[in-house]
Amino acid sequence: MKLICAGKEEQVVGLHVIGEGADEMLQGFALAMKMGATKADFDSCVAIHPTAAEEFVTLFPWGLSTPETGAKVSPLNGAKAGEPSSLGPPATEL
């Protein structure tokens, strides 16, 4: 499993999973991504236990030495959604 985030808001821009039931897991997460979900949104979810999908909302950020994501804003909670910086300029600048 892999959760791919971009920008200082850590907007979720990709999700990878391989295994039994992967198709069912990705269906729900695709909606969250389409709505602009951030790592903070995923972190604030209550995991359904026991399921494999619970891993996506309890993932530890790779490459950080402390369990802090740094994601402080959530477009799903009313904050303005930012453009992921690794995907190029916002559409308004094109």
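Residues numbered from 1 in each chain as written. Predicted model: local features only at pLDDT ≥ 70, side-chain atom pairs only at ≥ 80, totals over all residues. Heavy atoms only, no water.

**Some points on the side chain of Glu54**
Which entries qualify depends on this criterion: For helices the rule is a DSSP run of H or I covering at least 4 residues; for strands it is a run of E covering at least 2, with both sets numbered from the N terminus onward. We call a residue buried when its accessible area falls under 20% of the maximum for its residue type, exposed when it is over 50%, and partly exposed in between, using a 1.4 Å probe and counting protein chains only. Charged residues are defined narrowly, with Lys and Arg counted positive, Asp and Glu counted negative, and His plus the chain ends left uncounted. Within this document, salt bridges are pairs made up of a side-chain nitrogen of Lys or Arg and a carboxyl oxygen of Asp or Glu, the two lying within 4 Å of each other. Any two residues having at least one pair of non-hydrogen atoms within 4.5 Å are treated as being in contact.
Turning to its location among the elements, Glu54 is positioned in the segment after helix 2 (39-43). Nearest to the buried, unbridged Glu54 among oppositely charged side chains is Lys39, at 13 Å. With residues near it in sequence (within four places) discarded, Glu54 still touches Ala47, Ile48 and His49.

**With respect to the packing of aromatic side chains**
Our working definition: Centres within 6.5 Å make a pair out of two Phe, Tyr or Trp rings, where for Trp the six-membered ring is used; the pair is then stacked when the planes are under 30 degrees apart, edge-to-face when over 60, and tilted otherwise.
Under the criterion given, the structure shown has two aromatic pairs. Relative to Phe42, the ring of Phe29 lies with its centre 5.4 Å away and its plane at 20°, an arrangement referred to as stacked. Within this pair, whereas Phe29 is found in helix 1 (residues 22-34), its partner Phe42 is found in helix 2, the two being separated by 13 residues in sequence. For the residue pair Phe29 and Phe42, the accessibility class agrees, reading buried in each case. A network of ring pairs unites the aromatic residues Phe29, Phe42 and Phe56 as a single cluster.

**Brief notes about the environment of Ala37**
Note on placement: Ala37 falls in the loop between helix 1 and helix 2. Ala37 gets classed as buried once you look at its relative accessible area, which sits at 1%. Considered as a pair, Ala37 and Cys5 are 32 residues apart in the sequence and their alpha carbons are 9.7 Å apart.

**Here's the deal with the nonpolar core**
Here is the rule we go by: Take the buried Ala, Val, Leu, Ile, Met, Phe, Trp, Tyr and Cys residues and link them wherever side-chain atoms come within 4.5 Å; each set so joined is a nonpolar core.
Formed by Leu3, Val12, Leu15, Val17, Ala22, Met25, Phe29, Ala32, Ala37, Phe42, Phe56 and Val57, the largest nonpolar core amounts to twelve residues. Of all elements in the fold, only strand 2 (11-16) and helix 1 reach the threshold of two or more residues within this core. Broken down by element, the residue count for this core peaks at four residues, all from helix 1.

**Topic: the pattern of salt bridges**
Using the criterion set out here, one finds one salt bridge in the structure. The closest approach of N and O atoms between Asp43 and Lys39, which form a salt bridge, is 2.4 Å. Residue Asp43 and its partner Lys39 are both found in helix 2; the two are separated by four residues, about one turn of the helix. We classify Lys39 as buried; its relative accessible area is 5%.

**Points about the confidence of the model for the chain**
Selection rule: The quantity known as pLDDT measures the predictor's confidence residue by residue, on a range of 0 to 100.
For the chain, per-residue confidence averages 74 on the pLDDT scale, and residues scoring 70 or more make up 65% of the total. Per-element confidence in the chain ranges from a low mean pLDDT of 86 for helix 1 to a high of 90 for strand 2. Taken as a whole, residues 84-88 scores under 50 in pLDDT and shows six contacts with residues more than four places along the chain or in a different chain.

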